[in-house]
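These are the residues of each chain, in order.
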Amino acid sequence: MKPPGARRAVVTGIGVVSPGGVGAEAFWKSAAEGHSLLDHVSREGCGHLPLKVAGEVRGFDPAAVIEGSHLVQTDRFTHFAMAATSLALEDARFGRADIGSPYSVGVVTAAGSGGGEFGQRELQKLWGQGSRHVGPYQSIAWFYAASTGQISIRGGFKGPCGVVAADESGGLDALAHAARAVVRGTDTVVAGAAEAPLAPYSMVCQLGYPELSTGSDPERAYRPFTADARGFVPAEGGAMLVLEEEGAALDRGAEPRAVVAGHAATFTGASRWDRSRQGLARAIGAALAEADCAPEEVDVVFADALGTAEADRAEALAITDALGPHGRRVPVTAPKTGTGRAYCGAPVLDAAAAVLAMEHGLVPPTPNVFDVCHDLDLVTGRARSAKLRTALVLSRGLMGSNAALVLRHGAEPPTDRRSASA
């Protein structure tokens, strides 16, 4: 239970830019209905590559939501992050009048791929036309820290800012970093991740991943937890969340939508999926302990769902290792099979979906997956109604990072197991 006077971080706003839609409402509708948005790659210059299927954000016009002065300085991944931030602040009804001091608002993002599209364009100018044709923003636009910098500059946010470089699971680590900043004294932190890894240069770099799916059928290219698992399908997009100190949020009339209750991270080595079983289980256990949450209190698990036989088996066993018999009964879902795996953005999208799932009392299904071959209660076909008070979000990175995040519904205090057993 929260000690008297203790601070805790709550989610008050969600902003999404993903293949499933722009905005939390469109994203949730797509996820809840189990839509599959995977399709053949349409980006120019990618047709000859062996990666044939991806989750693209279509119909997104950055010029419609981002000022020209910021637009020319930034890559597509930062466009997504800036747009998602605007949507999250709007969703939280957090405006200039709510900023007591610019030092009361911070920004934390995670990124893995950086600004590949911008970097490729400028390097082509360098090779083809010479150094004088390379723009000055090449020095910053490709950098994985660009989104944090541009969001803070654009919003005038001068509180604690940071960038997490921790593989795909860095998306969850960024949310935890932001939540701890709130606990330590910052009133508000905008946190999350967005990626844009579908430029030709970025796609060529990904071809070195043995876990990447090169299937050509969008309905079969990404099917985790099945005998037909052949790897993951990459995606672009991501999400940003507004995290606030609970008391500050209530004082300004905001509704706490979820509590960031617990988090833990481990490292088990690049592509060592056999070791990820133990590493992920340890992360789950430590996150539950921080949240003062018993395994049987977990109402839904948002799985990492990498999509290879070894990695899927390790995750399924990690869930049952950490949750015990409850791990075989708790609903498990992976909405990302319908949109693709957006690297650092993927677990933040899962966290956003978890908050929305708890609000709607609905576990979204796992698109394109039917013949589950692991001892999990994987939700497939259609969404499942359930009373959801606690969600567990999991993530693993190709380089060996593992993370678990526990979210509690609304502003309800977590169960005090010590009092219950007294």
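Residues numbered from 1 in each chain as written. Predicted model: local features only at pLDDT ≥ 70, side-chain atom pairs only at ≥ 80, totals over all residues. Heavy atoms only, no water.

Going by what an unreviewed UniProt entry lists, the protein is known as Beta-ketoacyl synthase N-terminal-like domain-containing protein and is assigned to Streptomyces chitinivorans. What UniProt records for the protein under Sequence similarities (unreviewed entry) is the sentence "Belongs to the thiolase-like superfamily. Beta-ketoacyl-ACP synthases family." (UniProt positions renumbered as here; feature names shortened; annotations may be inferred.)

A. Here's a closer look at unusual backbone geometry. Even without a glycine there, the phi angle at serine 271 is positive, about 55°. Looking at the secondary structure, you find serine 271 in the loop between strand S9 (258–267) and helix H10 (273–290). Positive phi outside glycine occurs at tyrosine 343, with the angle close to 50°. Looking at the secondary structure, you find tyrosine 343 in the loop between strand S11 (331–333) and helix H12 (345–360). By relative accessible area, which is 8% here, tyrosine 343 ends up buried. (Helix = DSSP H or I, 4+ residues; strand = E, 2+ residues; numbered from the N terminus. Buried < 20%, exposed > 50% of the residue type's maximum accessible area, 1.4 Å probe, protein only.)

B. Geometry of the nonpolar core. Core analysis: the largest hydrophobic core is formed by 49 residues, its most contacted members being Ile284, Val298, Val301, Leu323, Leu392 and Leu394. Elements with a minimum of two residues in this core: strand S4 (53–54), S9, H10, helix H11 (309–323), strand S15 (390–396) and strand S16 (401–409). The element that contributes the greatest number of residues to this core is H10, accounting for 7 residues. Apart from the residues lying within four places of it in its own chain, the contact partners of leucine 323 are Ile284, Leu288, Pro295, Val298, Val301 and Val330. Ranked by size, the runner-up nonpolar core spans 48 residues in total, among them Val16, Ala24, Ala181 and Ala354. (Core = buried A, V, L, I, M, F, W, Y, C linked by side-chain atoms within 4.5 Å. Contact = heavy atoms within 4.5 Å.)

C. Seen up close, the packing of aromatic side chains. In total, this model carries 5 aromatic pairs according to the counting rule given. Members of the aromatic cluster, connected to one another through ring pairs, are Trp142, Phe143 and Tyr144. Of note, arginine 341 hangs over the ring of phenylalanine 232, and the distance from its end group to the ring centre comes to 5.8 Å. (Phe/Tyr/Trp six-rings, centres within 6.5 Å; stacked < 30°, edge-to-face > 60°. Lys NZ or Arg CZ within 6 Å of the ring centre and 35° of its normal.)

D. Representation of helix H1 (residues 24–32). For H1, the full list of buried residues reads Ala24, Phe27, Trp28, Ser30, Ala31 and Ala32. Contacts from the buried residues of H1 go to strand S1 (9–18), H12 and strand S12 (362–363). After H1 finishes, the residue glycine 34 shows a positive phi value of roughly 70°.

E. Structural view of the UniProt feature "domain: Ketosynthase family 3 (KS3)" (unreviewed entry) in the protein. Mapped onto this numbering, the UniProt entry gives "domain: Ketosynthase family 3 (KS3)" (unreviewed entry) at residues 6–409. Helix and strand shares over residues 6–409 are 33% and 20% respectively, and the end C-alpha atoms of the span are 18 Å apart.

F. Molecular detail of the environment of alanine 354. With respect to the helices, strands and loops of the structure, alanine 354 is situated in helix H12. Alanine 354 sits in the buried class, given a relative accessible area of 0%. The residues contacting alanine 354, other than those within four sequence positions of it, are Phe302, Ala391, Val393 and Leu407.

G. Up close: the packing of helix H7 (residues 170–184) against H12. One can describe the packing of H7 onto H12 by two numbers: an axis separation of 6 Å at closest approach and a directional angle of 60°. Taken together, the axis directions place H7 and H12 in an arrangement best described as oblique. Counting all contacts with H7, which are made through Gly171, Leu172 and Leu175, the residues of H12 involved are Pro347, Val348 and Ala351. (Axes fitted to C-alpha atoms, helices over the stretch in contact; angles between N-to-C directions. Parallel < 35°, antiparallel > 145°, perpendicular 65-115°, else oblique.)

H. A look at the packing of helix H3 (residues 76–91) against helix H6 (residues 146–155). Interaxial distance between H3 and H6 falls to 9 Å at its minimum, and their mutual angle equals 40°. Relative to H6, the element H3 is oriented oblique. For the element pair H3 and H6, the recorded crossing hand is right-handed. Contacts between H3 and H6 pair Phe77, Thr78, Ala81, Met82, Thr85 and Ser86 from the former with Ala146, Ser147, Gln150, Ile151 and Arg154 from the latter. (Left-handed = near helix turned anticlockwise from the far one by under 90°.)

I. A look at the environment of alanine 174. Structurally, alanine 174 is set in helix H7. What alanine 174 contacts, discounting residues up to four positions off in sequence, is Val108, Thr109, Ala110, Val164, Ala191 and Gly192.

J. Quick look at the state of the cysteines. The tally for this structure, following the rule as stated, stands at 0 disulfides. Among the cysteines around cysteine 205, which has no disulfide bond, cysteine 46 carries the closest sulfur, lying 12 Å off. Cysteine 344 forms no disulfide, and the closest cysteine sulfur to it belongs to cysteine 205, at a distance of 15 Å. Look at cysteine 344 and you get buried, because its relative accessible area is 0%. (Disulfide = S-S within 2.5 Å.)

K. Region of the structure containing the environment of leucine 394. Counting through the fold element by element, leucine 394 comes out in strand S15. Here the alpha-carbon distance between leucine 394 and alanine 351, two residues 43 residues apart in the chain, equals 9.2 Å.

L. Structural view of the confidence of the model for the protein. Averaged over the protein, the pLDDT score is 93; the fraction of residues at 70 or greater is 96%. Contacts for the low-pLDDT stretch residues 414–422, under 50 throughout, to residues beyond four places or in other chains number 15 contacts. (pLDDT = per-residue confidence, 0-100.)

M. Just the pairing of S1, in detail. Among the 10 residues of S1, 10 are classified as buried, and the element is accordingly described as predominantly covered. With 8 bridges joining them, S1 and strand S8 (residues 237–245) adopt antiparallel strand pairing. Within S8, the position partnered with valine 17 by the bridge is glycine 238. As paired strands, S1 and S9 are joined by 2 bridges and run antiparallel to one another. (Pairing = 2+ DSSP bridges.)

N. Molecular detail of the pairing of S16. Counting buried positions over the 9 residues of S16 gives 9, a clear majority of the element. The two faces of S16 match: Ser401, Ala403, Leu405, Leu407 and His409 on one face and Asn402, Ala404, Val406 and Arg408 on the other face are all buried. Alignment of S15 against S16, held across 7 bridges, turns out to be antiparallel. Bridged to leucine 392 within S16 is valine 406. Hairpin connection of S15 to S16: 4 residues between the antiparallel strands, including glycine 400 at a positive phi of 115°.

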